[in-house]
Amino acid sequence: MKITFLGKDPESQDDECPSLYDTDAGTYLVQGWQTSNPAVVEVPCRLMTRMANSGQLDSPSDGQPVEIVRTSQDTYLIRGRQVTDPEARLSLQPVAEFETVIEVALGLRDAVREEYAGAAGA
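What comes next concerns the included structure. The shown structure was predicted, so the numbers you read here are calculated from the model rather than taken from an experiment. Along each chain, numbering runs from 1 in the same order as the chain's sequence is written. A pLDDT threshold of at least 70 governs which residues receive local features in this predicted model, and a stricter bar of 80 or more applies before side-chain atom pairs are shown or counted, although totals over entire chains, interfaces and linings include all residues. The side-chain values count all of the structure's non-hydrogen atoms but skip hydrogen atoms and water molecules.

### A few points about the overall build of the protein
Next, step 1: We count a stretch as a helix when DSSP gives it H or I for four or more residues in a row; a strand needs E for two or more, and each element gets its number in order from the N terminus. A count of helices and strands for the protein gives two helices and eight strands.
Next, step 2: Tracing the protein from N to C terminus, the helices and strands come up as β-β-β-β-β-β-β-α-β-α.
Next, step 3: Restricting the calculation to C-alpha atoms gives the radius of gyration, and the globule rule supplies 2.2 Å times the number of residues raised to the power 0.38. A globule of 122 residues ought to have a C-alpha radius of gyration of about 14 Å, and the protein, at 13 Å, matches this closely.
Next, step 4: C-alpha extents for the protein along the principal axes are approximately 40 × 30 × 25 Å.
Next, step 5: Note on exposure labels: buried denotes an accessible area under 20% of the residue type's maximum, exposed denotes more than 50%, and partly exposed covers the range between, all computed with a 1.4 Å probe on protein chains only. Here the protein holds 122 residues, and 42% of them are scored as buried.
Next, step 6: Here a residue-residue contact requires only that any non-hydrogen atoms of the pair lie within 4.5 Å. Long-range pairs, those at least 24 residues apart, make up 64% of the contacts in the protein with a sequence separation of at least 6.
Next, step 7: All accessibility values rest on the Shrake-Rupley procedure with a 1.4 Å probe; residue burial counts only the protein chains present in the view. Element-wise, carbon and sulfur atoms account for 49% of the exposed surface of the protein, whose accessible area totals about 6,700 Å².
Next, step 8: In this tally Asp and Glu are treated as negative and Lys and Arg as positive; neither His nor the chain ends contributes. Taken as the charge location is NZ of Lys, CZ of Arg, CG of Asp or CD of Glu. One finds the centroid of the 10 positive side-chain charges in the protein at a distance of 2 Å from the centroid of its 20 negative side-chain charges.

### Here we look at unusual backbone geometry
Most peptide bonds take the trans configuration, and most residues that are not glycine carry a negative phi.
Next, step 1: The phi dihedral of D74 is positive, around 60 degrees, even though this residue is not glycine.
Next, step 2: Note on D74: relative accessible area 38%, which makes it partly exposed.

### Notes on the pattern of salt bridges
Next, step 1: Salt-bridge detection follows one rule: a side-chain nitrogen of Lys or Arg within 4 Å of a carboxyl oxygen of Asp or Glu. Scanning the entire structure with this criterion turns up six salt bridges.
Next, step 2: Across the salt bridge formed by R109 and D110, the nearest N and O atoms sit 3.0 Å from each other. The same class applies to R109 and to D110, which are both buried.
Next, step 3: Each of the salt bridges in this network shares a partner with another, and the network as a whole consists of D9, E11 and R46.

### Structural notes on the state of the cysteines
Next, step 1: Disulfides are defined in this document as cysteine sulfur pairs within 2.5 Å. Under the definition given, this model contains zero disulfides.
Next, step 2: C17 takes part in no disulfide bond, and the closest cysteine sulfur, belonging to C45, lies 17 Å away.
Next, step 3: For C17, a relative accessible area of 6% gives the class buried.

### As for the pairing of strand β8 (residues 99–105)
Next, step 1: With seven of seven residues buried, β8 lies mostly within the body of the structure.
Next, step 2: A two-sided burial pattern is seen for β8, the buried positions comprising E99, V101, E103 and A105 on one face and T100, I102 and V104 on the other.
Next, step 3: Pairing analysis gives seven bridges linking strand β3 (residues 27–34) to β8, with the strands arranged antiparallel. Each bridged residue has a counterpart across the sheet, and for G32 the counterpart in β8 is T100.
Next, step 4: Pairing of strand β7 (residues 81–82) with β8, which is carried by two bridges, proceeds in the antiparallel orientation. Paired strands, as defined in this entry, are two strands with at least two bridges between them according to DSSP.

Shown next as structure tokens:
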């Protein structure tokens, strides 16, 4: 899997994440804080601004819905498939012991677009 770094949380320190990545499989990788569910990460909402660097913004929608919930702490809880492949993880920013990485369908892009469009129309 080819992985392209899109950026990290703009308010993170140099050695911290969360981070966002494109893959050549037509998915995103989200590196974020672990939750009690290994298939769910928590990331600050502002991380999604890094999606603007994605080469997949104009790709046709894959139609797969993504479970994403905005919390009262201005974070997202995002569900995906946990990435455990050591080779794939070597391409990422260092993954701290309190972080995990999930793979998410392009539906993430669509869900974020809908939220921001709704906020702009409010």
